[in-house]
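The lines below spell out each chain.
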Amino acid sequence: MGESFNSKLQWFLLLLFFFISFSRSADAYKNYTVGDSLGWFDNLQKPTVNYGKWVAGKNFSLGDFLIFNTDNNHSVIQTYNFTTYKSCDYDNALNNDTIQWSSTDPSSTSVYPVSIAVPLLKIGTTYFFSGDYDGEQCQNGQNFKINVTRGQGLARSLRNPSDDDSEAPMSPISGDDESVPDTIVPASFDHPHEVSDDSPEPSNSVSLSTFSKFFGTQLNRIFVVVGLAFSIC
């Protein structure tokens, strides 16, 4: 009797650990280092960089961050405008669909490293490119697009209280089949405090929302599975 109970208890703890781990990995915000060890550069400087390949297989959600490791000779432009992206030129871009997160520094006499953290704040297709040197860097591979899903929604620190529709997809503009939402960076914007890079390992900390979701919605599932395990034993 005692041995049977211990066996069932081990099954229960194993299943509990599995569901907690699943919940944590599903809900954790992620920080992605663009290009991994190659960083954010064009093919003229780093011939092997391939951002289309880097994006493949990744799932981007609201609240995730993209970390651009580059230098002062390369810029980071984010746009929701397909035309701006295709032209590799943001000179005529609108303020509500394009952001220049980092620009080149022509006054510098030396090259120095730059790291830029960009939060994903809108659902839908988002484009990134380097727009300097008349689009040369963009035309030579320094560009990519991603699709951002809702995930668990924006973290509270990234939300704009005056923008109730910040997570809603917008209608595409004429001549473009991609969504072009307004882009608003909240005043409370901050860079991520935990840089986890593109790692399959979940964060070591579990948010309150994760626990509430786990013990609210998923707890019933655990009891069903545990009940089945007990009946099998």
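Counting restarts for each chain: residues are numbered from 1 in the order of the written sequence. Two thresholds apply to this predicted model, a pLDDT of at least 70 for residue-level local features and 80 or more for giving and counting side-chain atom pairs, whereas whole-chain, interface and lining totals are computed over all residues. Here the side-chain values reflect all heavy atoms present in the structure, with hydrogen atoms and water set aside.

1. Observations concerning the sheet that holds strand β1 (residues 31-33)
Spelled out, the test is: A strand pair is defined by DSSP finding two or more bridges across the two strands. Helix and strand assignments come from DSSP, with helices taken as H or I runs of at least 4 residues and strands as E runs of at least 2, each series counted from the N terminus. In this analysis an axis means a line fitted to C-alpha atoms, helices contributing only their contacting stretch, and an angle means the value between N-to-C directions, from 0 to 180 degrees.
An order of β1-β3-β6 is seen for the 3 strands of this open sheet, with the pairing classed as mixed. Two strands in the sheet have a free side with no partner beyond their single neighbour: β1 and β6 (113-119). For this sheet the average axis-to-axis angle between neighbouring strands, irrespective of direction, equals 25°. Pairing of β1 with strand β3 (residues 65-71), which is carried by 3 bridges, proceeds in the parallel orientation. Counted as the bridge partner of N31 is F65 from β3.

2. With respect to the nonpolar core
Here is the rule: We call a set of buried Ala, Val, Leu, Ile, Met, Phe, Trp, Tyr and Cys residues a nonpolar core when their side-chain atoms join them within 4.5 Å. Exposed residues in this analysis have more than 50% of their type's maximum accessible area, buried residues have under 20%, and partly exposed residues fall in between, with area computed by a 1.4 Å probe over protein chains only. Here, two residues are considered to be in contact whenever any of their heavy atoms come within 4.5 Å of each other.
L66, F68, F144 and I146 are the most contacted members of the largest nonpolar core, which totals 28 residues. Breaking this core down by element, the ones donating at least two residues are α2 (51-55), β3, β5 (98-102), β6 and β8 (143-149). Take this core: its biggest share by element is 4 residues, from β3. When near neighbours in sequence (up to four residues on either side) are disregarded, I146 contacts V55, F60, L66, L120, G124, T125, T126 and F128. Counting residues in hydrophobic clusters, the runner-up holds 7 residues, among them Y85, Y90, F129 and C138.

3. Here's the deal with unusual backbone geometry
Despite not being glycine, D36 has its phi angle at roughly 55°, a positive value. Inspection of the secondary structure assignment puts D36 in the loop between β1 and α2. When its relative accessible area of 37% is taken as the criterion, D36 is described as partly exposed. One non-glycine residue with positive phi stands out, namely C88, at about 55°. One can find C88 in the loop between α3 (82-87) and β5.

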